[in-house]
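The chain contents come next:
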Amino acid sequence: MFIFLMLSLLAALTPQEGDTYRFPRYPAGDGTTPNILDLIEGRCFEYLECVPPINSNIECDPDFSFNCTSLVMDFKKDIAYQEPCTLGPDAFEDFVNNTAQEFPPNSHLLWSGTKEISHVYGLFTKRKTLEDSLVGFMMNDVAFCGSVETGFDFRQCPSCQTFSESASGIFWPKASAKFASLASGEVEVVLSASNGGRPSFRNGSIFRSIEVPKLTSSKVSKLTTILVRDLGDNSTTSEHCGAGSLLELKNIMHEKNITFSCEENPNRIRAIQCATNPRAKECIDLFNSDKEPCSSYTAFIVVIVILVVIIIVVFLLSLYYFCVYKHTKDQVREQNNYTHYNVVISRRF
């Protein structure tokens, strides 16, 4: 029953096919998102005013002192009227640093190849992804590239020789590094086991190359890896906890003196997947596995109720015996004694 209710709620909140999480993709083609500066400044004010959109998991704090106009200028100065593929490694440094914010311990959620399911999972567990931070909230699903002539290229962003040379390839790793460096307590990461034979903890991913190096035992005590396999994925190339690249991740955490644990397809993740595909075999199995515990729990409750009723009945019977029946019996005995005494007296006289 619990899983059924959870799936009903998740069905309303999980993005359907064709949707994106939190923000629609603006019709920008392959160029910069239209009205980008107004857009990200508006999101900044929205974040600080604590009026989150549907499905949001932002960290609302009325005491935030960020200056949205200044933050937008930090972003603009490093990209507008610049050659799009030669921004340099220091680009967006001020923007990322000036938007940095502390989250409570045990609240960071990292992900790699699992964006949508990670955000829904974070929504229900109150864990925060990069996109739930101010800078991630402002820039989520926004395309951007500069142009020497017009400031921003709204028609077509050029293909740089490497992704790391592009504006996005500079900004997102930098924002990810700052987010991971601020993590503390117990951190969770959601990784995909369905990568077409590629490792879940793969070289070149932001999680492996950027975020993991920023996790330190002085701040992080444990990393829990949640390995997610797509519904219907019976591939023999899918990774498992304790083997392959997950074993590499475990060894890295061991060297960092950070406790490591790994879970494969836990029910709390599988329920999110089943919200949009309840007829999948894994989902039917999940429903069936929920029936037996419910039946046992119901039987346990029935037994407890019966025992309580028996105790109450015995108590009431005992109360009746001592307070009514025994009292009446004593009265009858006293009456009989009194009658017998009168008879004796009358015979004597």
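The sections below set out a description of the structure shown in this document. (Residues numbered from 1 in each chain as written. Predicted model: local features only at pLDDT ≥ 70, side-chain atom pairs only at ≥ 80, totals over all residues. Heavy atoms only, no water.)

**Remarks on the overall build of the protein**
- The secondary structure content of the protein amounts to 11 helices and six strands.
- With 349 residues in all, the protein has 42% of them scored as buried.
- Surface accessibility of the protein: about 19,200 Å² in total, with carbon and sulfur atoms responsible for 57%. (Helix = DSSP H or I, 4+ residues; strand = E, 2+ residues; numbered from the N terminus. Buried < 20%, exposed > 50% of the residue type's maximum accessible area, 1.4 Å probe, protein only. Areas by Shrake-Rupley, 256 points an atom, 1.4 Å probe, with all protein chains shown as cover.)

**Considerations on unusual backbone geometry**
- Even without being glycine, aspartate 141 reaches a positive phi, approximately 60°.
- Owing to a relative accessible area of 14%, aspartate 141 belongs among the buried residues under this scheme.
- Positive phi outside glycine occurs at asparagine 265, with the angle close to 45°.
- Tracing the chain through its elements places asparagine 265 in the loop between strand E6 (259-264) and helix H10 (267-274).
- Classification of asparagine 265 as buried rests on a relative accessible area of 15%.

**A word on the state of the cysteines**
- Using the criterion set out here, one finds five disulfides in the structure.
- Each sulfur of the disulfide joining cysteine 274 and cysteine 283 lies 2.0 Å from the other. Here the S-S torsion is close to -95°, and the disulfide linking cysteine 274 with cysteine 283 is therefore left-handed.
- Note on cysteine 274: relative accessible area 1%, which makes it buried.
- Classification of cysteine 283 as buried rests on a relative accessible area of 1%. (Disulfide = S-S within 2.5 Å.)

**Focus on the nonpolar core**
- Residues Phe75, Phe92, Phe144, Phe171, Leu223 and Leu249 are the most contacted members of the largest nonpolar core, which totals 54 residues.
- Sequence-distant contacts of phenylalanine 92, defined by excluding residues within four places in its chain, comprise Phe75, Asp78, Ile79, Leu87, Phe144, Ala167, Ile170, Phe171 and Lys174. (Core = buried A, V, L, I, M, F, W, Y, C linked by side-chain atoms within 4.5 Å. Contact = heavy atoms within 4.5 Å.)

**Some remarks on the packing of aromatic side chains**
- In this structure the tally under the stated criterion is 13 aromatic pairs.
- The interplanar angle of 75° and the centroid separation of 6.2 Å between the aromatic rings of phenylalanine 92 and phenylalanine 144 together place this pair among those described as edge-to-face. Separated by 52 residues along the polypeptide, phenylalanine 92 in the loop between helix H3 (68-77) and helix H4 (93-98) and phenylalanine 144 in the loop between helix H6 (134-139) and strand E2 (146-147) bring together distant segments of the chain. Comparing phenylalanine 92 with phenylalanine 144 shows no difference in burial state: the two are buried. (Phe/Tyr/Trp six-rings, centres within 6.5 Å; stacked < 30°, edge-to-face > 60°.)

**Structural notes on helix H9 (residues 244-255)**
- When the terminal C-alpha atoms of H9 are compared, their 17 Å separation across 12 residues agrees well with the 16 Å that a helix rising 1.5 Å per residue should span.
- For H9, the complete set of buried residues consists of Ser245, Leu246, Leu249 and Met253. One face of H9 carries all of its buried residues, which in axial projection span an arc of 105°. Seen from the open side of H9, the exposed residues pointing more than 90 degrees away from its buried face are His254 and Glu255.
- On its buried face, H9 sits against strand E4 (185-192), helix H8 (206-211), strand E5 (220-228) and E6.
- One or two steps after H9, the chain reaches asparagine 257, where phi turns positive at roughly 65°. (Expected span 1.5 Å × (residues − 1). Arc of directions from axis to C-beta.)

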